Amino acid sequence: MNNKTLKLAQSVVFIALTYIAFTYFQIKIPVPGSGNFTSIHFGNIFLVLAALLIGGVYGGIAGAIGMTLADLMDPVYVLVAPKTFVLKLCIGLIVGLVAHKLKKINHSNDMKYIMKWSIIASICGMSFNVIADPLVGYFYNLYLLGQPVTFASALAKLSAGVTLFNAVLTVIIANIIFRAVYPILKKNKLI
């Protein structure tokens, strides 16, 4: 199997994993008085894991497609699907940039080095999300969806806290899984 075919196959697996993790492992949190929701979910875990294992472009696209499909299938989130696609793609690209382009973790055999930079790359990607998700969400809700300032502001504030919680969980869980599967995949030449 050539490298491109392998990456595409791995991307499809991560599309499914991000979709399942977001759709079935989520707790919706209603924003009082707005009719909107935010959620605690595990979708970002597989997005970050994909970017660490198969690179930022393939991992970012896989995570973006998986979570955008999840948004499109859920009436609560269908209107924010375009925002989801862009933000999730950016997370994957950032994680991949730090882990693979800058620090070339796949070219090292030193697990301390690999883990250090996988954690830092994950933190970089999720830090972007902690800032961008509520900020982009505020302007998206205000200008594209036409929500009043008070509702857009309330959603952004609640989203910021939930996004931070999701980010911390993502960095921890994605790197635990990464540590477990990386040596096996590398030994079998699957990454």
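The numbers attached to residues start from 1 for each chain and follow its sequence in the written order. In keeping with the model being predicted, local features are shown solely for residues with a pLDDT of at least 70 and side-chain atom pairs are shown and tallied solely at 80 or more, while totals for entire chains, interfaces and linings include all residues. The basis for every side-chain value is the complete set of heavy atoms in the structure, and neither hydrogens nor water enter the calculation.

Focus on the nonpolar core
Take the buried Ala, Val, Leu, Ile, Met, Phe, Trp, Tyr and Cys residues and link them wherever side-chain atoms come within 4.5 Å; each set so joined is a nonpolar core. In this scheme, a residue with accessible area under 20% of its type's maximum is buried, one over 50% is exposed, and one in between is partly exposed, where area comes from a 1.4 Å probe on protein chains only. Counting residues in hydrophobic clusters, the biggest one holds 34 residues, and the most contacted among them are F14, V48, L52, L53, V95 and F178. A helix here means a DSSP run of H or I that spans at least four residues, while a strand means a run of E at least two residues long, and both kinds are numbered starting from the N terminus. For this core, the leading source of residues is helix 2 (residues 43-54), giving 10 residues. Working rule for contacts: check all heavy atoms of both residues, and any pair within 4.5 Å makes them a contact. Once residues lying within four places of it in the same chain are set aside, the contact partners of L53 are F14, H100, N106, F178, V181, Y182, L185 and I191.

Comments concerning unusual backbone geometry
Phi is positive for K104, which is not a glycine, with a value near 45°. Tracing the backbone shows K104 in the loop between helix 4 (81-102) and helix 5 (111-144). With a phi angle near 55°, K189 is a residue other than glycine that sits in the positive phi range. As for its position among the elements, K189 is in the segment after helix 6 (149-187).

Focus on the packing of helix 3 (residues 56-72) against helix 4
Closest axis-to-axis distance for the helix 3/helix 4 pair is 7 Å, and the angle between their directions is 155°. One way to sum up the angle between helix 3 and helix 4 is to call them roughly antiparallel. Once helix 3 is placed against helix 4, the crossing between them reads as right-handed. Contact residues: helix 3 offers G56, V57, G60, I61, G63, A64, I65, M67, T68, D71 and L72, while helix 4 offers A81, T84, F85, K88, L89, G92, L93 and G96. For this classification, Asp, Glu, Lys and Arg are treated as charged, while Ala, Val, Leu, Ile, Met, Phe, Trp, Tyr, Cys and Pro are nonpolar and the rest, including Gly, are polar. Looking at side-chain class alone, the contact of helix 3 with helix 4 contains 10 nonpolar, seven polar and two charged residues. Axis lines are fitted to C-alpha atoms, over the contacting stretch for helices. Their N-to-C directions set the angle, which ranges from 0 to 180 degrees. Angles below 35 degrees are treated as roughly parallel, those above 145 as roughly antiparallel, those between 65 and 115 as roughly perpendicular, and all remaining angles as oblique. Definitions for this section: a left-handed crossing has its near helix turned counterclockwise from the far helix by less than a right angle. A right-handed crossing has that turn clockwise.

Some words on the pattern of salt bridges
Any two side chains of opposite charge can pair, given that their charged atoms come close. Salt bridge, as applied in this entry: a Lys or Arg side-chain nitrogen positioned within 4 Å of an Asp or Glu carboxyl oxygen. For the structure on display, the rule yields two salt bridges. D74 serves as the salt-bridge partner of K28, at 2.8 Å between the closest nitrogen and oxygen. Pair noted here: K28 is in strand 1 (residues 26-30) and D74 is in the loop between helix 3 and helix 4, with a separation of 46 residues, a long-range link. For D74, a relative accessible area of 14% corresponds to the buried category. Residue D133 pairs with K83 through a salt bridge whose shortest N-O separation is 3.3 Å.

Considering the environment of P30
One can find P30 in strand 1. Considering only alpha carbons, one finds P30 and L155, 125 residues apart in sequence, at a separation of 9.1 Å. Beyond its immediate sequence surroundings of up to four residues, P30 is in contact with N36, F37 and L158.

Concerning the environment of N166
Mapping N166 onto the fold places it in helix 6. Take N166: its relative accessible area is 4%, and that puts it in the buried class. Once the C-alpha coordinates of N166 and V130 are considered, the two residues, 36 residues apart in sequence, prove to be 8.9 Å apart. When neighbours within four sequence positions are excluded, N166 is seen to be in contact with S39, I40 and H41. Polar contact criterion, stated in full: a pair of N or O atoms within 3.5 Å, where within protein one must be able to donate a hydrogen and the other to accept it, and residues adjacent in sequence count only if both atoms are side-chain atoms. A distance of 3.0 Å separates a polar side-chain atom of N166 from the backbone oxygen of S39.

Let's talk about the environment of S122
Along the chain, the position of S122 falls in helix 5. Put simply, S122 and S108 are 14 residues apart on the chain and 18 Å apart in space, counted from C-alpha to C-alpha. Ignoring sequence-local partners within four residues, the contact set of S122 consists of V48, L52, V95, V171 and N175. One polar contact links the side chain of S122 to the main-chain carbonyl oxygen of S118, over a distance of 2.7 Å.

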